[in-house]
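Breakdown of the fold
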Amino acid sequence: MLIDVTQGIDLGEIRSTATEFPDIALVALGLVEQRQDIIRYGRAGFIGCVERGAPVEHLQQTLHDALAGRLTCSAEVSGGLLRALFHLGTEQGSQPLDETLTQREGQVLQLIGDGSPTRRSQTSFRSASPP
């Protein structure tokens, strides 16, 4: 599902939708690729994003990747996601790591640990299908 985020959206509603319908791939259209925004939108349930002004081919590829369970992002964004996962764990004190991550964050972290392949200057993560 492609959602235009340029006019502002209620991330709480998006999170509720993503929780209620976990098999729907949510893609944010018009998101500025800034680490904090991507983290906020990812925590709300989006699994992909297309920057403002991106070519139609990029939109098509992002939708294709989202349906296949993949997130393709720049090296800077993937590094930011890893830092955010680290900080999330340290901010929540001594809770076990598996209790501080969302299911999606755990999947991405597992793929990174497994050495997911990279191509060009982008890193592609394939998410595991939910049971």
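Look a little higher up for the structure.
Basis of the calculations
Residues numbered from 1 in each chain as written. Predicted model: local features only at pLDDT ≥ 70, side-chain atom pairs only at ≥ 80, totals over all residues. Heavy atoms only, no water. Core = buried A, V, L, I, M, F, W, Y, C linked by side-chain atoms within 4.5 Å. Buried < 20%, exposed > 50% of the residue type's maximum accessible area, 1.4 Å probe, protein only. Helix = DSSP H or I, 4+ residues; strand = E, 2+ residues; numbered from the N terminus. Contact = heavy atoms within 4.5 Å. Arc of directions from axis to C-beta. Polar contact = N/O pair within 3.5 Å; in protein donor to acceptor, adjacent residues only side chain to side chain. Phe/Tyr/Trp six-rings, centres within 6.5 Å; stacked < 30°, edge-to-face > 60°. 1 Å grid on protein atoms, 1.4 Å probe; cavity = no way out; pocket = protein on both sides within 12 Å on 5 of 7 lines; lining within 4 Å. Points joined across faces, edges and corners; volume = space filled by probe spheres on them. Nonpolar A, V, L, I, M, F, W, Y, C, P; charged D, E, K, R; others polar. Salt bridge = Lys/Arg side-chain N within 4 Å of Asp/Glu carboxyl O.

1. Examining the nonpolar core
In terms of nonpolar packing, the biggest core is built from 19 residues, with V5, A28, L31, Y41 and F46 touching the most fellow members. For this core, the secondary-structure elements that each account for two or more residues are α1 (11-20), β2 (26-29), α2 (35-44), β3 (46-50), β4 (70-74) and α4 (75-91). With four residues, α2 is the single largest residue contributor to this core. What V5 contacts, discounting residues up to four positions off in sequence, is A28, L29, G30, L31, Y41 and F46. Counting residues in hydrophobic clusters, the runner-up holds five residues, among them A25, V27, I47 and V50.

2. A closer look at α1
All of the buried residues in α1 are L11, I14 and A18. The buried side chains of α1 occupy one side of the element, clustering within an arc of 55 degrees when seen end-on. When the buried face of α1 is taken as reference, the exposed residues oriented beyond 90 degrees from it are E13, T19 and E20. In this structure, the buried side of α1 is in contact with β1 (2-4), β2, α2 and β3. Taking the backbone nitrogen of G12 as reference, a side-chain oxygen 2.8 Å away marks D10 as the first, capping residue of α1.

3. Focus: the packing of aromatic side chains
Considering all chains together, one arrives at one aromatic pair under this definition. Note on Y41 and F46: the rings are 5.5 Å apart at their centroids and 45 degrees apart in plane angle, and the pair reads as tilted. Both residues of the pair, Y41 and F46, count as buried.

4. Focus: empty space enclosed by the protein
Within this structure, the stated rule accounts for one cavity of 30 Å³ or more. Roughly 70 Å³ of volume is contained in the largest cavity. Lining the largest cavity, in full, are I47, G48, C49, H58, T62, D65, A66, R70, L71 and T72. Where the lining of the largest cavity is concerned, the elements lending two or more residues are β3, α3 (56-67) and β4. If you tally residues by element for the lining of the largest cavity, the top one is α3, at four residues. In terms of residue class, the lining of the largest cavity is made up of four nonpolar, four polar and two charged.

5. Re the pattern of salt bridges
Inspection of every chain in the model, using the stated rule, returns two salt bridges. Across the pair R70 and D65 runs a salt bridge, and its minimum N-O distance is 3.0 Å. Relative accessible area serves as the criterion here: at 24%, R70 is assigned to the partly exposed category. Overall, D65 belongs to the buried group, its relative accessible area being 3%.

Function-wise, these values are silent; they only describe arrangement.
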